[in-house]
Amino acid sequence: MSSSPDTTTSDLLDKVINLCKRRGFIFPSAEIYGGFRSAYDYGPLGVLMLRNVKNAWWHSMVQMREDVVGIDAAILGPPAVWAASGHLETFTDPLVDCKKCHERWREDKIDGKCPNCGGTDFTEPRAFNLMFKTAAGPVEGEGSTAYLRPETAQGMFVNFANVLSTSRKKPPFGIAQIGKSFRNEITPQNFVFRTREFEQMEMEYFVPPADAVQWHEHWIEERFNWYLALGIPEESLRRYVHAPEDLSHYSKGTTDIEFKFPWGFDELEGIANRGDYDLGAHTKASGEKLEYFDQATNERYTPYVIEPAAGVTRAMMAFLLSAYHEDEVEGETRTVLQLDWRLAPYQIAVLPLSKKPELEGVAKEVLSKLQPHFMCDFDVTQSIGRRYRRQDEVGTPLCITVDFDTLEDRAVTVRDRDTTVQTRVKIDDLLHHIWEAMTPA
Ligand code: GAP
């Protein structure tokens with residue numbers, strides 16, 4: 001039996017960070033130049049897992065719904081968008097300097113004491129805008145100012161009319177997007193939890209105003225259940241309802257889904273009732289009426305928006321922390337990532353027992369049978385025991401071993417990551433067997 005991970009220990013955080021580096025999930029960015037604080041690069045296994053997190057979200061939020069469509073909007077935007085959205089004026093954090101060591105901090109994150117030197121004397125807080133400003137085109141100046149988006153959401157609002165007229169959807173309906181966002185965070189921290197460049201998965205769900213509260217509840221439950229279904233234990237998740245005085249400038253109500261990170265419960269995702277703030281603000285600023293005309297009732301109205309807004313990288317971190325286990329197999333401690341198969345970098349590893357060409361030939365045949373359906377690893381080096389451990393450590397749910405009997409009986413050994421149980425399966429039945437094994441009961 002494996003021990004349940006206590007996601008609250010910093011020991012666990014160190015172990016996961018170490019595993020991420022050692023096995024090619026996540027590297028500090030520009031490491032050969034000493035790193036670039038708070039930026040990370042996703043390695044060969046990390047990029048697979050990141051993609052799986054996004055696919056699992058897209059599957060549940062777009063593919064499985066007839067009322068949600070996707071878009072992929074530009075990252076660079078003109079100031080007009082960010083003036084209308086309120087970001088130019090209000091997307092700020094309170095910045096203070098420690099008068100003793102001159103380190104800069106976000107005031108609301110430090111409890112009155114400098115985390116660097118313990119000093120308690122700070123400058124007055126100044127509003128620091130978190131958006132990255134840049135210049136588009138070769139001539140710098142007023143007309144060339146552009147911003148990197150700090151959230152994907154505005155791409156959905158400014159395309160509301162385009163999507164409405166081309167998709168033939170009507171409220172309630174949603175527009176979903178996954179992509180990079182950028183925030184000049186004062187204190188990026190805790191590995192990939194808070195970085196300056198990160199990915200978001202957001203959906204703006206447009207509803208008749210009278211139905212907004214009901215849809216808000218619906219999406220809080222849907223999103224909570226998404227994390228549960230992908231393997232985060234219920235005791236590591238909770239809902240946090242924002243107090244009215246703490247709401248963002250656009251929100252009529254926000255509930256966060258929080259995960260028990262090693263430093264305590266913290267935000268994974270926010271689900272906000274944004275009312276008609278955004279469509280109203282862009283209508284006013286652009287002169288384009290972002291409304292819906294309901295032919296059945298002959299009414300024209302500005303839909304309210306319910307927004308589940310999640311972080312890809314944060315979700316990946318929570319999945320990794322929840323999946324990390326250590327148990328004992330054959331008298332040895334093994335590390336195993338008990339990732340849901342939809343999230344694991346590789347679903348299958350094909351392992352010829354030895355490097356003998358006749359085994360490798362059949363193993364390659366098995367590999368090419370599985371590759372169109374699953375992400376597969378192929379590993380011929382070291383003992384089979386070592387190879388199983390390597391796959392356990394990166395969360396591969398099934399290992400398929402091709403041995404000398406395979407040449408006679410056209411069957412292979414399928415080993416389960418969590419139970420380590422081995423089953424003999426005919427190559428012809430392999431695909432069917434794997435689908436069965438990976439479908440949740
Ligand atoms: N459109 C609303 C919005 O962007 P948010 O709460 O600021 O809301 C949504 O961001 C999610 O994006 C957060 O719950 C978090 O998962 C992720 N996120 C925000 N800032 C982040 C950062 N600096 N690094 C990593 N993820 C971040």
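Whatever comes next refers back to the structure up there.
Residues numbered from 1 in each chain as written. Predicted model: local features only at pLDDT ≥ 70, side-chain atom pairs only at ≥ 80, totals over all residues. Heavy atoms only, no water.

Asker: It is not clear to me how the packing of helix H2 (residues 44–63) against helix H7 (residues 212–229) should be interpreted in this structure. Could you clarify?
Answerer: For any two helices packed against each other, one specifies the crossing angle of their axes together with the interaxial distance. For the pair H2 and H7, interaxial distance at closest approach is 12 Å and the crossing angle is 140 degrees. The crossing of H2 and H7 is right-handed. For the pair H2 and H7, the contacting residues are Val-53, Ala-56, Trp-57, Ser-60 and Met-61 in the first and Trp-219, Arg-223 and Trp-226 in the second. The residue inventory of the contact of H2 with H7, partitioned by class, reads six nonpolar, one polar and one charged. (Axes fitted to C-alpha atoms, helices over the stretch in contact; angles between N-to-C directions. Helix = DSSP H or I, 4+ residues; strand = E, 2+ residues; numbered from the N terminus. Left-handed = near helix turned anticlockwise from the far one by under 90°. Contact = heavy atoms within 4.5 Å. Nonpolar A, V, L, I, M, F, W, Y, C, P; charged D, E, K, R; others polar.)

Asker: Sorry, what's going on with the sheet that holds strand E23 (residues 411–416) here?
Answerer: Hydrogen bonding along the main chain pairs the strands of a sheet, whether they run parallel or antiparallel. The five strands lie next to each other as E21-E20-E22-E23-E24, forming an open sheet whose pairing is mixed. The sheet terminates laterally at strand E21 (376–378) and strand E24 (422–426), the two strands that pair on one side only. In this sheet, neighbouring strand axes are inclined to one another by 25 degrees on average, regardless of whether the strands run parallel or antiparallel. For E23 and E24, the ladder comprises five bridges, and the chain directions are antiparallel. Bridging from a neighbouring strand, Ala-411 pairs with Lys-426 of E24. Here helix H10 (residues 357–370) sits on the sheet and contacts strand E20 (348–352), E21, strand E22 (398–402) and E23; the angle it forms with E20, its principal contact strand, is near 165 degrees. Across the sheet, helix H13 (residues 430–438) is in contact with E20, E22, E23 and E24; its angle to E22 comes to roughly 155 degrees. (Pairing = 2+ DSSP bridges.)

Asker: So what exactly am I meant to see when it comes to the side chain of Arg-183 here?
Answerer: Looking at where Arg-183 falls in the secondary structure, it is placed in the loop between strand E10 (173–182) and strand E11 (197–207). Looking at Arg-183, its side chain comes within polar contact range of the main-chain oxygen of Pro-150, at 2.8 Å. Residue contacts for Arg-183: discarding those within four places in its chain leaves Phe-91, Leu-130, Phe-132, Pro-150, Glu-151, Thr-195, Arg-196, Phe-198 and Gln-200. (Polar contact = N/O pair within 3.5 Å; in protein donor to acceptor, adjacent residues only side chain to side chain.)

Asker: Mind showing me how you'd approach the sheet that holds strand E8 (residues 133–135) here?
Answerer: The sheet built from three strands is open, its strands ordered E4-E9-E8 with antiparallel pairing. One side of each edge strand has no neighbouring strand; the edge strands of this open sheet are strand E4 (76–77) and E8. Where E8 and strand E9 (residues 145–148) come together, three bridges link them in antiparallel fashion. Note that in E9 the partner of Thr-134 across the bridge is Ala-146.

Asker: Help me understand the pattern of salt bridges, please; the structure alone is not making it clear to me.
Answerer: A side chain with one charge can pair with a side chain of the opposite charge if their charged atoms come near. Scanning the model with the defined rule gives 31 salt bridges in all. A salt bridge links Arg-223 to Glu-269; the nearest nitrogen and oxygen atoms lie 2.8 Å apart. Placement of Arg-223 in helix H7 and of Glu-269 in strand E14 (residues 264–275) is noted, with a sequence separation of 46 residues between them. The exposure classification of Arg-223 matches that of Glu-269, with both residues buried. Here Arg-300 and Glu-291 are joined by a salt bridge, their closest N and O atoms 3.7 Å apart. For Glu-291, a relative accessible area of 21% puts it in the partly exposed group. Taken together, the shared-partner salt bridges in this structure form one network comprising Asp-93, Arg-106, Asp-108, Glu-185 and Arg-194. (Salt bridge = Lys/Arg side-chain N within 4 Å of Asp/Glu carboxyl O. Buried < 20%, exposed > 50% of the residue type's maximum accessible area, 1.4 Å probe, protein only.)

Asker: Would you take a moment to explain the layout of surface pockets for this structure?
Answerer: It is the rolling of a water-molecule-sized probe over the atoms that shows where space remains empty. In this structure, the largest pocket encloses a volume near 1400 Å³. Together, 46 residues line the largest pocket, and Arg-106, Arg-183, His-242, Ser-248 and Glu-267 are the ones closest to its centre. Elements with a minimum of two residues in the lining of the largest pocket: helix H4 (87–90), strand E5 (92–97), E11, strand E13 (253–261), E14, strand E17 (304–311) and helix H9 (312–323). Looking at which element gives the most residues to the lining of the largest pocket, the answer is E14, with eight residues. Classifying every residue of the lining of the largest pocket gives 14 nonpolar, 14 polar and 18 charged. At nine residues, the largest contribution of residues to the lining of the second largest pocket is made by H2. Residue composition of the lining of the second largest pocket, by class: twelve nonpolar, eight polar and three charged. (1 Å grid on protein atoms, 1.4 Å probe; cavity = no way out; pocket = protein on both sides within 12 Å on 5 of 7 lines; lining within 4 Å. Points joined across faces, edges and corners; volume = space filled by probe spheres on them.)

Worth remembering: the numbers are spatial, not functional.
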